[in-house]
Amino acid sequence: MMYWSETPFELGGGTRHAQLHVSGLGAGYGAFRVLRKLSLEVRPGLTVILGPNGAGKTTLLRALNGLLARQGEVLLDGQPLPHKTDAIVRAGVALVPEGRQLFPQLTVQENLELGGWLANKAERARRLEQVLADFPKLRERSRQLAGTMSGGEQQMVAVARALMSAPRLLMLDEPSLGLAPRMVDELLAIARRIADAGTTVLMVEQNVKKALAVADRGYVLERGALVASGAAKLLARSSVVREAYLGTGESKTEPGAVAPAR
Ligand SMILES: Nc1ncnc2c1ncn2[C@@H]1O[C@H](COP(=O)(O)OP(=O)(O)OP(=O)(O)O)[C@@H](O)[C@H]1O
Ligand SMILES: [Mg+2]
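Considerations on the sheet that holds strand β9 (residues 217–222)
In step 1: If you trace the 6 strands from one edge of the open sheet to the other, you get β6-β7-β8-β3-β9-β10, paired in mixed fashion. Two strands close off the open sheet at either side, each with one partner strand: β6 (93–96) and β10 (225–231). Pairwise comparison of adjacent strand axes, ignoring direction, gives a mean angle of 15° for this sheet.
In step 2: The sheet contact formed by strand β7 (residues 169–173) and strand β8 (residues 200–204) spans 5 bridges and is parallel. By the bridge assignment for β8, L170 is matched with V201.
In step 3: Most of the contacts of helix α1 (residues 57–64) go to β7, to which it runs at about 150°, and overall it touches β3 (46–50), β6, β7, β8 and β9.
In step 4: Contacts from helix α6 (residues 151–163) reach β6 and β7 within the one sheet, and its direction differs from that of β6 by about 170°.

So this is what it looks like as structure tokens:
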């Protein structure tokens, strides 16, 4: 059984097709600057961030979500994005963190309800009904303790929990980490469906080939700097991606097919 329903996802609420504009972003840990003057655009649809371990992908998402201090300009649909996490969630940005971070001793339903903490009771109940319609498998398991779910199921809960805040921009940090190939495919298909339903998705993913197959656009981050960007189809054929991430150097990319990142 698939984890999502065949009907289109309903969640997303509010203004759809959000656009994020990032320029001159800096973030790091104390004196250690991981990101320097990073500029990128997250357009409606599905954008993937690729890059090796330690490149700064998680740091980028954490800085955008207010978990780390940041410098530079971040605009969500033209409005400055606040710096504090609760205000960022209110503005319509949600993060599914690396490693899921569910409450293992709470049930699936309790975890989902926590994702809707900013909404009033009636609205929270409405959203819960909607995510359970979108993820019927989670309805069956709503009373199971989250910590007893399989890794793939827990990732579904984490995504559904983020949707409970009715985000305009959903950020996913390596949603397929540690999952079996079929589950990876399901997760990526869910990310695609969420984007198609109107919530802009920004996803960090190590499954380069699969991620570029479902994404609209991509960025490649190396040592805190963007080294390539472009349409996902073009990136998949670019020499920088083929050599470093797909293990096939014999690319026939036309010059200029992929613009170097600004
Ligand atoms: N809490 C921290 N304190 C100090 N340095 C950190 C901290 N978290 C991450 N770093 C460092 O920041 C750099 C970027 O880390 P980050 O987690 O953003 O990489 P990543 O691209 O997400 O890697 P991965 O693919 O392994 O998840 C690394 O050099 C890492 O060691
Ligand atoms: Mg990471």
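Quick word on unusual backbone geometry
In step 1: Non-glycine residue Q101 carries a positive phi angle of around 55°.
In step 2: C-beta crowding within 10 Å serves as the criterion here: with 12 such atoms nearby, Q101 is assigned to the exposed category.
In step 3: In this structure, A166 is a non-glycine residue whose phi angle is positive, near 50°.
In step 4: Accessibility expressed as a C-beta count within 10 Å gives 23 for A166, which makes it buried.

Focus on the nonpolar core
In step 1: With 75 residues, the main nonpolar core has A160, M171 and A191 as its most contacted residues.
In step 2: Of the domains in this structure, domain 1 (15–92 + 168–231) and domain 2 (103–166) are the two that each give at least three residues to this core.

Details of the packing of helix α3 (residues 108–115) against α6
In step 1: With their axes 7 Å apart at the nearest point, α3 and α6 run at an angle of 35° to one another. Judged by the sense of rotation from one axis to the other, the crossing of α3 with α6 is right-handed. Residue-level inspection shows V108, N111, L112, L114 and G115 of α3 in contact with α6, the latter providing V157, A160, R161 and A162.
In step 2: Class assignment of the residues belonging to the contact of α3 with α6 gives a composition of 6 nonpolar, 2 polar and 1 charged.

Calculation criteria
- Residues numbered from 1 in each chain as written.
- Chains lettered and ligands numbered in written order.
- Predicted model: local features only at pLDDT ≥ 70, side-chain atom pairs only at ≥ 80, totals over all residues.
- Pairing = 2+ DSSP bridges.
- Helix = DSSP H or I, 4+ residues; strand = E, 2+ residues; numbered from the N terminus.
- Axes fitted to C-alpha atoms, helices over the stretch in contact; angles between N-to-C directions.
- Contact = placed C-beta atoms within 7 Å.
- Buried ≥ 20, exposed ≤ 12 C-beta atoms within 10 Å, placed from the backbone.
- Core = buried A, V, L, I, M, F, W, Y, C linked by C-beta atoms within 7 Å.
- Domains from an automatic or database assignment.
- Left-handed = near helix turned anticlockwise from the far one by under 90°.
- Nonpolar A, V, L, I, M, F, W, Y, C, P; charged D, E, K, R; others polar.

All quantities given are derived from atomic positions and should not be read as evidence of function.
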